[in-house]
Amino acid sequence: MATPSGRKIKKGYIWVFVGMTTGLVYFFYDDGSRSAEVFEQHIKGFNGAFQCDFYSGYRHIGIGELCGIKRLPCLQHIKRKFLDLKDNPQAQEIAKLFGLLYHFEHKHRIGKDGWTAEKHLEWRQRYSKAMLKKIHMRLMDIKARIGVPPDDPLLAATEHALRQWDEIPSIFASPTYKLDNNEVERINRYISLTRRRLTIGSHSGAEAAACTTLLRSPAIAAASTSSTTSATL
C-alpha cells in the first residue's frame, strides 16, 4: 500500500492483554505482526487460565513451553457464528440456547444477597451440564445431516463450536471464570474506533503509542488484537 504522496504504508497490530482478576491492562505493538511467535513471547512465564477466541495464533496453548496455561473458549465468539445466520432457524435456536447460559449465569452474583463463590460454583455446574448437553445434541444433529456441502455456513459454525467443545466445561469448573472475553473486546474497541486515523511514523513510535503498562501474573487473562498503520518514512 502507499499514500497519495508515494509513502509506503504497512498495517500493524496493537495487542491487548487483560488480567481478569486484577483489572490490569497491557498494550503492546510488535512490528506489525499477529503471529503465534509474538503472542508466545509476551505470554511466556504465565501460568493460569487464558480466555481467547479460536485464532490460530493461540494454537500452542497448553503444550510445550505453554503447558502451564489452560485455554478457556469465548462463548460469545462461538455464539456469534450462529447469530450471524439470521435466516436460519436452526442457527437461531442454537444461539438462543447459548443465550440461556448467560441467562442462568446472571441470575446470581457472588457477594450479592449472601451468594458465595461456593454456591456459585455449585449453581454453575448444575445449570451448565443440562444446557451444554442440549446444545451438543443440536450440534451433532446438524453435523450428521447427509448431503450438506462442506462450505455450508451452518456446518462451519457447528464445527467451529465442536472443535472447542472439550474445553467449554472448563469455564464452569471455577466460580470466577468468565463466559467470554468481552472485557478485553470492550477495551480493544477504543483502539478500533480510532484506527482509521491512527497513522504512526515508525515502529518505535507505534510501540510508544501502545501505552504499555505492566501485566502481572493474574489467575485469568484474555487477549485481543487491533490493527493500526505504520508509515515507513
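All values reported here derive from a predicted model rather than from experimental measurement.

A. View of the overall build of the protein chain. The helix and strand tally for the protein chain stands at 7 helices and 6 strands. For the protein chain, with 233 residues in total, the buried portion stands at 43%. Taking contacts inside the protein chain between residues at least 6 apart in sequence as the whole, the part at least 24 apart equals 64%.

B. Main features of the side chain of Thr158. Residue placement: Thr158 occurs in helix α5 (residues 153-162). Overall, the relative accessible area of 0% leaves Thr158 in the buried class. Every residue in contact with Thr158, bar those within four places of it in the chain, is listed here: Phe82, Leu139 and Ile142.

C. Local environment of the pattern of salt bridges. Enumeration over the complete set of coordinates arrives at 6 salt bridges. Between Lys143 and Glu159 there is a salt bridge, with the nearest N and O atoms lying 3.4 Å from each other. Separated by 16 residues along the polypeptide, Lys143 in helix α4 (residues 117-143) and Glu159 in helix α5 bring together distant segments of the chain. What makes Lys143 partly exposed here is its relative accessible area of 41%. Between Glu183 and Arg186 there is a salt bridge, and its shortest N-O distance comes to 2.9 Å. Pair noted here: Glu183 and Arg186 are both in helix α6 (residues 182-194), with a separation of 3 residues, about one helical turn.

D. Region of the structure containing the environment of Asp166. Following the sequence through the fold, Asp166 ends up in the loop between α5 and α6. Between the C-alpha atoms of Asp166 and Pro73, which are 93 residues apart in sequence, the distance is 9.8 Å.

E. View of the pairing of strand β4 (residues 69-73). Taken across its 5 residues, β4 has 4 buried, putting it largely inside the fold. In the sheet, strand β3 (residues 48-52) pairs with β4 via 5 bridges, with the strands oriented parallel. In the strand pairing of β4, Gln51 is matched with Leu72.

F. Highlighting the packing of aromatic side chains. Summed over the entire model, instances satisfying the criterion amount to 17 aromatic pairs. Between the aromatic rings of Phe17 and Phe39, the centroid separation amounts to 6.1 Å while the plane-to-plane angle is 75°, which identifies the pairing as edge-to-face. Remark: Phe39 occurs in helix α1 (residues 36-43) and Phe17 occurs in strand β1 (residues 8-19); sequence separation between them is 22 residues. There is no split in this pair, since Phe17 and Phe39 are both buried. A ring pair is formed by Trp123 and Tyr127, whose centres lie 5.5 Å apart and whose planes are at 55°; its orientation type is tilted. Here Trp123 and its partner Tyr127 are both found in helix α4, 4 residues apart, which amounts to about one turn of the helix.

Rules and cut-offs
Residues numbered from 1 in each chain as written. Predicted model: local features only at pLDDT ≥ 70, side-chain atom pairs only at ≥ 80, totals over all residues. Heavy atoms only, no water. Helix = DSSP H or I, 4+ residues; strand = E, 2+ residues; numbered from the N terminus. Buried < 20%, exposed > 50% of the residue type's maximum accessible area, 1.4 Å probe, protein only. Contact = heavy atoms within 4.5 Å. Salt bridge = Lys/Arg side-chain N within 4 Å of Asp/Glu carboxyl O. Pairing = 2+ DSSP bridges. Phe/Tyr/Trp six-rings, centres within 6.5 Å; stacked < 30°, edge-to-face > 60°.

Purely geometric stuff here, so don't read any function into it on its own.
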